[in-house]
Amino acid sequence: MKIIDIDQPGEHEVMLEKAGDYLVRLLVKQAHVKITGRWQVNPRSQLDVSVIVQHMVGENSATVSLKAVAQYRSKIKISGKIIIESGCSEAKSFFSARVLAVSKTVQAELHPELEINHNDVQCSHATSISSIDDKQLFYLLSRGLSRQAARQLIISGYLA
Amino acid sequence: MGNVKTATNNKSRVSKKREDEKNTQYFPGWSDPVDRYSHISRLKLSPALVKEISGIKAEPEWMLRQRLEALAQFQSKSLPSWGPDLTDLNFDNFQYFMKPTDSVATSWAKVPSAIKNTFTKLGLPQAEQLVLSGVKAQYDSEVVYGSLHDSWKEKGVVFLSMDEGLKLYPDLVKQYFGKLVPSGDNKFAALNSAVWSGGSFVYVPKGVKIELPLQTYFRINANRAGQFERTLIIVDEGASVHYVEGCTAPVFSQSSLHSAVIEVFVKKGGRCQYTTVQNWYKNVYNLVTKRAWVEAEGVMIWTDFNLGSKVTVKYPSLVLAGKGAKGETLSMALAGSGQRQDTGSKAIHLAPHTSSTIVSKSISKDGGRTSYRGLVNVGPKAHHSQNSVVCDALILDEHSQSDTYPTQKIFQAQVNVQHEATVSKVGEEQLFYLISRGISEQDARKMIVNGFVSELVRTLPLEYAVEMNRLIECEMEGNVG
């Protein structure tokens, strides 16, 4: 597991390049961290990511945004956990994980979890798994794009 | 359902005497003596006990065999490694079979007076006359009273205790019993399958739509009692029913155990709504397995309100097995001091164009802990399926805790699956607004909590909605956070 300690106040950005297990700890007040992950999973490949955000003190914030595009026969597993220790007043934490399935034969598993031990916080998580919107595809096809190009455009837009 | 009287007006000495106050506030907290019971088994959990229960009920051979198998499964399974701590549960400490009367009475006049008084105090006979199509009253291990409005009897509706159902409709029971929740499903389903007693057996024939709800009222009366009801509901094609259960127990210092198994079959185009108003006393372990099988175009709605009990572990499940089947779970949990509400729902999509919605609202206060635990599983054949899960948690003070553990497993891409969860406290702005309008802080908090759950309470029939609001207010009494 890779541990990322946020021990300085201020704005932080973390880009998760590789799959794997991450633990992000917020050790100081007034620290604001943005954690982003974008993956395009190749056909017949797997993606396994786990991100734990732990607020050790209050008055800080974390935003996790993970997105993945699943292709033919790929498997995706994303776990996310927000832990707010008791006494962490005014901690804010948000987690989102979104999967776009572009082939019929994909598997996706999402485990977003919250463990909140304090009341004076704002916390939420959101996940979704969806396929390419037919309307978007139709719009692009009607503009003369090939199906392949249209799909690629939608995928790029999704991961942007 | 009866009138909840706020037994205490004493709101000032909140922190000190909170526990005592709770006891007096819990209106259904009395108990009746057990010396007139027709049979109380002294046996501990063992094959002998299972044989005794089955013998008293004069059950067919296959049921006894099934019970004994289930007992072996129970003994070989370990307690779940996740969720609330159940290591305090001592299975030798419960009374497994307590039969209060010899038979199910069909009129209140034939019910022994002590038991009748209990149900009268809980308001059951009034409700039966006014707002229900049929009633069952279960007291410890067995159903003591049952009725069904004549107009429904004529249409072929069956509403019996599970024991009567097994006697009168053995083939139907054999066909469905344990098919959806097999005894090996989990440790507590195995326990229930081994020592089950009481519960309801409902069959709604094709096309019959029962307008007013059927209700069963579960009452634990004896100390250390174990209640293991078993309910089987079969809604045939195009039929519809709303089944309601309510639960209360007396105030005892030793724990009771309530472990039920509920199986619901909704056939093509049928509709079933199953509403639970669980208000056990805060010493009851409530470990329940509920599952519904929904065929094409069928609709299943679980409405699950959990206010009482020490520990509740319950995830009403939807198996959407037919094309276009729909499921909905509306779950509300309130955890106060010493309580752990581990609730949620599962939706298993097996067929195309199925849809499910799970809405969960939880409130934790005075050090209580609520958890949402859920599963959404979309199988490879369930294309064009939809699911949405929304969990909102309200934490009223800094000692309380709320968790969310949802899981989504998708084996099919043409789907739309969404999950959202939020955790918040009572908003200072909302509170300020109400106080500035001349409302006391306590009333303002009650109003905000009532508003938080109103979306779910609205789904109840009017009488229960009024009751539920009152119960929540009662729980909120003296809770100036």
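Residues numbered from 1 in each chain as written. Chains lettered and ligands numbered in written order. Predicted model: local features only at pLDDT ≥ 70, side-chain atom pairs only at ≥ 80, totals over all residues. Heavy atoms only, no water.

### Digging into the overall build of chain B
Each helix and strand counted, chain B has 12 helices and 24 strands in total. Computed over the C-alpha atoms, the radius of gyration of chain B is 22 Å, within 12% of the 23 Å expected from 2.2 N^0.38 for a compact globule of 481 residues. Each principal axis of the C-alpha distribution contributes one length, and for chain B these read about 65 × 60 × 45 Å. Burial statistics for chain B: of 481 residues in total, 63% are counted as buried. In chain B, 55 side chains carry a positive charge and 49 a negative one; their mean positions are 2 Å apart. (Helix = DSSP H or I, 4+ residues; strand = E, 2+ residues; numbered from the N terminus. Rg over C-alpha atoms; globule rule 2.2 N^0.38 Å. Buried < 20%, exposed > 50% of the residue type's maximum accessible area, 1.4 Å probe, protein only. Lys, Arg positive; Asp, Glu negative; His and termini not counted. Charge placed at Lys NZ, Arg CZ, Asp CG, Glu CD.)

### So, helix 2 (residues 47-56) of chain B
All names here are of chain B. Within helix 2, burial applies to L49, V50, I53 and S54. Seen along its axis, helix 2 keeps its buried residues to an arc of 130°; they face one direction. For helix 2, the secondary structure elements touched by its buried residues are helix 3 (61-76) and helix 9 (187-195). In the stretch just after helix 2, A58 is the one whose phi turns positive, near 50°. (Arc of directions from axis to C-beta. Contact = heavy atoms within 4.5 Å.)

### With respect to the pattern of salt bridges
All names here are of chain B. Applying the stated criterion to the full structure yields 24 salt bridges over all chains. The closest approach of N and O atoms between D304 and K290, which form a salt bridge, is 3.6 Å. You can see D304 sitting in strand 15 (residues 299-306) and its partner K290 sitting in strand 14 (residues 284-294), a full 14 residues away along the chain. Classification of D304 by relative accessible area gives buried; the value is 1%. (Salt bridge = Lys/Arg side-chain N within 4 Å of Asp/Glu carboxyl O.)

### Describing the nonpolar core
Residues and elements named next belong to chain B. If you look at the biggest cluster of nonpolar residues, it comprises 143 residues, and the most contacted ones within it are F119, I233, V264, M300 and I472. At seven residues, the largest contribution of residues to this core is made by helix 11 (residues 441-457). Discounting chain neighbours no more than four positions away, the residues touching F119 are W108, L124, P125, A137, Q138, Y139, V144, Y217 and R219. Core analysis: the next-biggest nonpolar cluster, separate from the first, contains 26 residues, L64, L89, F188 and V311 among them. (Core = buried A, V, L, I, M, F, W, Y, C linked by side-chain atoms within 4.5 Å.)

### Re the packing of aromatic side chains
Residue and element names in this part refer to chain B. Within the structure shown, the criterion is met by 17 aromatic pairs over all chains. Each ring, one from Y169 and one from F201, has its centre 6.0 Å from the other, and the planes form 35°; the classification is tilted. With Y169 in the loop between helix 7 (162-168) and helix 8 (170-176) and F201 in strand 6 (residues 200-204), the pair connects residues that are 32 residues apart, well separated along the chain. Accessibility expressed as a relative area gives 0% for F201, which makes it buried. On the basis of an interplanar angle of 55° and a centroid distance of 5.1 Å, the ring pair of Y274 and W302 is categorised as tilted. Separated by 28 residues along the polypeptide, Y274 in strand 13 (residues 271-278) and W302 in strand 15 bring together distant segments of the chain. Like Y274, the residue W302 is buried in the burial classification. Among the aromatic residues, those joined into a ring-pair cluster are Y37, W108, F119, Y139, Y145 and Y217. In this structure, R219 is placed above the aromatic ring of W30, and the distance from its NZ or CZ to the ring centre is 4.8 Å. Against the face of F452 rests K361, its NZ or CZ located 5.1 Å from the ring centre. (Phe/Tyr/Trp six-rings, centres within 6.5 Å; stacked < 30°, edge-to-face > 60°. Lys NZ or Arg CZ within 6 Å of the ring centre and 35° of its normal.)

### A look at the side chain of B:D392
Residues and elements named next belong to chain B. Along the chain, D392 falls in strand 22 (residues 385-395). Separated by 2.7 Å, the side chains of D392 and T422 make a polar contact. In contact with D392, not counting residues within four places along its chain, are S360, K361, S362, T422 and F452. (Polar contact = N/O pair within 3.5 Å; in protein donor to acceptor, adjacent residues only side chain to side chain.)

### Structural notes on the interface of chain A and chain B
If you look at the interface, chain A gives 29 residues, while chain B gives 30 residues. Buried surface at the junction of chain A and chain B, summed over both partners, amounts to about 2400 Å²; 50% is from carbon and sulfur atoms. Counting across the interface, chain A meets chain B through one salt bridge. Two residues, B:K425 and A:D120, come together in a salt bridge whose shortest N-O distance is 3.0 Å. Across the chain A-chain B interface, the total number found is 15 residue pairs in polar contact (both at pLDDT 80 or more). Looking at the side of chain A that touches chain B, the elements that each hand over two or more residues are strand 9 (107-116) and strand 10 (121-131) of chain A. (Buried area = accessible area lost by both parts, 1.4 Å probe.)

### Brief notes about the packing of helix 3 of chain B against helix 9 of chain B
All names here are of chain B. Two numbers describe how helix 3 lies on helix 9: the axes approach to 7 Å, and their chain directions differ by 150°. Put simply, helix 3 runs roughly antiparallel to helix 9. Handedness of the helix 3/helix 9 crossing: left-handed. Contacts between helix 3 and helix 9 pair R67, A70, L71, Q73 and F74 from the former with K187, A190, L191, S193, A194 and V195 from the latter. Class assignment for the residues of the contact of helix 3 with helix 9 results in seven nonpolar, two polar and two charged. (Axes fitted to C-alpha atoms, helices over the stretch in contact; angles between N-to-C directions. Parallel < 35°, antiparallel > 145°, perpendicular 65-115°, else oblique. Left-handed = near helix turned anticlockwise from the far one by under 90°. Nonpolar A, V, L, I, M, F, W, Y, C, P; charged D, E, K, R; others polar.)

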